[in-house]
Every structure is written in C-alpha cells, then in structure tokens.
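Listed below, chain by chain, are the residues.
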Amino acid sequence: MASPTPLLKDELDIVIPTIRNLDFLEMWRPFFEPYHLIIVQDGDPAKTIKVPEGFDYELYNRNDINRILGPKANCISFKDSACRCFGYMVSKKKYIYTIDDDCFVANDPSGKQINALEQHIKNLLCPSTPFFFNTLYEPYREGADFVRGYPFSLREGVPTAVSHGLWLNIPDYDAPTQLVKPLERNTRYVDAILTIPKGTLFPMCGMNLAFDRELIGPAMYFGLMGDGQPIGRYDDMWAGWCIKVICDHLGLGVKTGLPYIFHSKASNPFVNLRKEYKGIFWQEDIIPFFQNVVLSKEATTVQKCYLELAKEVKDKLSKIDPYFDKLADAMVTWIESWDELNPAGASAANGKA
Ligand SMILES: O=c1ccn([C@@H]2O[C@H](COP(=O)(O)OP(=O)(O)O[C@H]3O[C@@H](CO)[C@H](O)[C@H]3O)[C@@H](O)[C@H]2O)c(=O)[nH]1
Ligand SMILES: [Mn+2]
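Residues numbered from 1 in each chain as written. Chains lettered and ligands numbered in written order. Predicted model: local features only at pLDDT ≥ 70, side-chain atom pairs only at ≥ 80, totals over all residues. Heavy atoms only, no water.

Some points on the coordination of the manganese ion (ligand 2)
Right, on to step 1. Bound to the manganese ion (ligand 2) are the protein donor atoms D102 (OD) and H263 (NE2), situated 1.9 to 2.2 Å from the metal. Here H263 lies in strand β9 (residues 253–263) and D102 lies in the loop between β4 (95–99) and β5 (103–105), a separation of 161 residues in the sequence. (Donors = N, O, S within 2.8 Å, 3.2 Å for Na, K, Ca; no water. Helix = DSSP H or I, 4+ residues; strand = E, 2+ residues; numbered from the N terminus.)

In structure tokens, the structure reads:
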C-alpha cells in the first residue's frame, strides 16, 4: 500500500544554513526527502558543499545573495547562521522549517524516532490560544481539550504563525551558562505544546523552528550578526521579539514545546561569550523596549508593523549603540528586498531566484 503523501509536501521548504557538508541529512532522509530544501551556504562561496544524493534542493552562496540582492545584500549576515533568513525570502512556499546541520533525529521516551517536521506541521495547522491559558496545554491534541472555565467564545483560537521546537542533549544555553555548566545535557522530554500568551516575549531559538511564511514571513528577519557586527547569537532572539510583538498585534499565535531534535554539537562557549557579551547587557534595555512598543491601528500588515518597529528601534534603541541605527536600516532594507522578491501573489513553485 502506498505510503500517505507527507503533509504539505509541496507547500513547505526546509531552510538550512551551513558551512559544512550536509551528511546530517542522511538521518533525516525518511522525513525530509519528499520536501524541497533551500540551502544557504555561509562563509567562503568557493567551497563546495556536498549534499547527499536524492534530495531536491536549491543552494545559495554569498555570490548568489550579492547577485540577487545587489547593494541590499548588506542586510543579510555573513559568517553567522543568521544568513538563513535569505532562504525565507527566496522561498515561494507557504511554510518554512529551518534546522541546523548539527541537529539530528531524537527519540521519544518510547524509543520511537521523532518526525520533528510532521509535529511542526501539526502545530502550525491547528489554532493557538494566546488570549486565555489552557492549563491542560494544547487543547487540540488527541486526548486533551479545553478545561472547565475556559471561555467557549475563545475556543476557536487564532491562526498559528510560529512553531518553536526544543532540543535534547545540548540545550540552547547562553555562553555564561555553558561555561558554568559545561557537562549539562538536556535529557528531559516534556510531552507538551504551549501557546505563548499574548503580551509575553520569549527567547526564540532558530535551530528547530517552523513558521507560516504567509502569516509572519516578512517579520522573520534574523538580525545583523557575524562579520563586521558587534554581537552574535542574537539573530534568532531579535526575530523572536519582533515576531511576537507583531503576532500579538495581528492576533496570531506562537507555540513552543514539541517537537524535540537531538542537538549534537556544543559550540565553543568562549567564542560564544565574545559574540554574546554586549547582547547580554543590551537586552536589559531591549526587552523593556519590546514590552512597551505599541503598533498603530494602521499597521494592518506584517510589513507595515515591521516598518513601524524599525522606526521605533531607530528612535529608541540607537542611544544604546550606533549598531541599532544600522539594524533599523537593515530591517527596512529587508522589507524592501522581501517585497521585491515576493510581489503580491507570487507562485508557490520551487525556483532559483
Ligand atoms: O558562521 C557560521 C556558523 C554556523 N553556521 C551554521 O549555522 C548553524 C548553527 O551553527 P552551530 O551549530 O555551529 O552553532 P550553535 O551555537 O549551536 O547555533 C545555535 O545557536 C544560535 C546561533 O545564533 C542558534 O539558535 C543556533 O544556530 C549550523 O547549521 C552551521 O552550519 C553558519 O551558517 N555560519
Ligand atoms: Mn549547534
């Protein structure tokens, strides 16, 4: 009997930022092979990235990014995983899943391999509940529901824009925590999916993340990091704070929890400390900024929200460091590039832009 068609086979792209050969795909082959991959090769474009046979993919290196975006390419980070957001921009699909190349298939407590992509798709295809917390977690799962006292007027939920997965083995800790707890491994499998309540920010990790590109794609800019930038490893955090403010404003949902992947490689905590340290104290001002930012009622699209946010960043965060002035400009360049590559009603076919 033919196996069932994978969910969203022709409506989802898998985006992988990489500086190495993609042998990790062999372990994901049963789950990923039916899908189209967008590989964003970082670092030296002269290096050849080996992709295992049988995968349908398009690959972009820095020369491609510069050719496609021209001077606007300066909004795409170089020598940092933040470059992955270029893949979101050139995709023509409704959904994106992004994963790091040191993330492997994890096993659930029963020992069964976890199809992380399938779980993300389920998360995205069912509503979120940001306006009232359901204490039995995801109410739409088999064997769960809304609990007593949950308003019936809110049980329809809202469209889910983002599905944030977690990691067994190497947790996504910041450098100071990594330095203090070098041997700590995450072995705790928590069988839960939660909607992050409206008005609450969260630290979005980019290594096991899926989103609805049509609902929130233009806000998924992974901030300027890497070569020539004063901080690193805050690309996904920046995107997470921006998308959450915009999802709250537009009435969209963000979920976190299942699925887990197995994160295999701990990046160097000393290198990470050098990348993160400014962000660690800057974020004490950045978080209150995002907690207090108000988007106007005229901000009815993601692009309009994002451009309002960029203006607020320029007006209110540039006093922290001139970096935020540059970042605000890059946010605008990102939207201009997004709209150039994604004119309204663009097709869903795979394409090499
Ligand atoms: O210069 C680079 C370095 C790496 N990559 C690719 O990006 C991902 C992540 O790389 P790695 O696993 O080495 O680093 P981590 O510290 O574990 O990354 C996680 O921490 C955050 C970084 O902001 C983020 O949540 C995760 O990415 C791999 O696919 C590398 O090949 C790159 O493109 N450029
Ligand atoms: Mn990693």
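Some words on helix α7 (residues 235–250)
Right, on to step 1. Over its 16 residues, α7 extends 22 Å from the first C-alpha to the last, a length consistent with the 22 Å expected when each residue adds 1.5 Å.
Right, on to step 2. Within α7, 14 of the 16 residues are buried, which leaves it mostly tucked inside the rest of the structure.
Right, on to step 3. Positive phi appears at G251, one or two residues downstream of α7, with a value of about 75°. (Expected span 1.5 Å × (residues − 1). Buried < 20%, exposed > 50% of the residue type's maximum accessible area, 1.4 Å probe, protein only.)

Some thoughts on the environment of A82
Right, on to step 1. On the secondary structure map, A82 appears in the loop between α2 (62–69) and α3 (85–90).
Right, on to step 2. Not counting chain neighbours up to four residues away, the residues in contact with A82 comprise S77, F222, G223, M225 and D235. (Contact = heavy atoms within 4.5 Å.)

Topic: the nonpolar core
Within soluble globular proteins, side chains that are nonpolar tend to cluster in buried spots.
Right, on to step 1. Core analysis: the biggest nonpolar cluster contains 69 residues, and V162, I216, Y221, W238, Y306, M331 and W334 have the highest contact counts within it.
Right, on to step 2. The biggest single contributor to this core is helix α10 (residues 322–341), with 10 residues.
Right, on to step 3. Leaving out residues up to four positions away in the same chain, V162 has contacts with L124, M204, L209, A210, F211, I216, M220, I243, G253, V254 and K255. (Core = buried A, V, L, I, M, F, W, Y, C linked by side-chain atoms within 4.5 Å.)

Concerning the UniProt feature "glycosylation site" (unreviewed entry) in the chain
Right, on to step 1. UniProt's feature table lists "glycosylation site" (unreviewed entry) at R148, given in the numbering used throughout.
Right, on to step 2. Examined against the element boundaries, R148 turns out to sit in the loop between α4 (116–125) and β6 (160–169). (UniProt positions renumbered as here; feature names shortened; annotations may be inferred.)

Side note on the site of ligand 1
Right, on to step 1. Around ligand 1, 22 residues are found, and the nearest of them are D42, D100, D101, R233 and D236.
Right, on to step 2. For ligand 1, an oxygen atom lies 2.7 Å from a polar atom in the backbone of P17.
Right, on to step 3. For the shell around ligand 1, the secondary-structure elements that each account for two or more residues are β1 (12–18) and α7.
Right, on to step 4. Its residues placed into classes, the shell around ligand 1 shows 4 nonpolar, 5 polar and 13 charged. (Near = heavy atom within 4 Å. Polar contact = N/O pair within 3.5 Å; in protein donor to acceptor, adjacent residues only side chain to side chain. Nonpolar A, V, L, I, M, F, W, Y, C, P; charged D, E, K, R; others polar.)

Section: the UniProt feature "site: Required for activity" (unreviewed entry) in the chain
Right, on to step 1. Look at the UniProt record and you will see "site: Required for activity" (unreviewed entry) annotated at R148 and R155.
Right, on to step 2. Looking at the secondary structure, you find R155 in the loop between α4 and β6.
Right, on to step 3. With residues up to four places along the chain from it excluded, the contact list for R155 reads Y140, F146, V147 and Y150.

Some points on the packing of α7 against helix α9 (residues 302–316)
Right, on to step 1. For the pair α7 and α9, interaxial distance at closest approach is 10 Å and the crossing angle is 125°. On the basis of the axis angle, α7 is oblique to α9. You can see that α7 and α9 cross each other, and the crossing is right-handed. Of α9, the residues touching α7 (which contributes W238, C242, V245, I246, H249 and L250) are V302, C305, Y306, L309 and V313.
Right, on to step 2. When its residues are assigned to classes, the contact of α7 with α9 shows 10 nonpolar, 1 polar and no charged. (Axes fitted to C-alpha atoms, helices over the stretch in contact; angles between N-to-C directions. Parallel < 35°, antiparallel > 145°, perpendicular 65-115°, else oblique. Left-handed = near helix turned anticlockwise from the far one by under 90°.)

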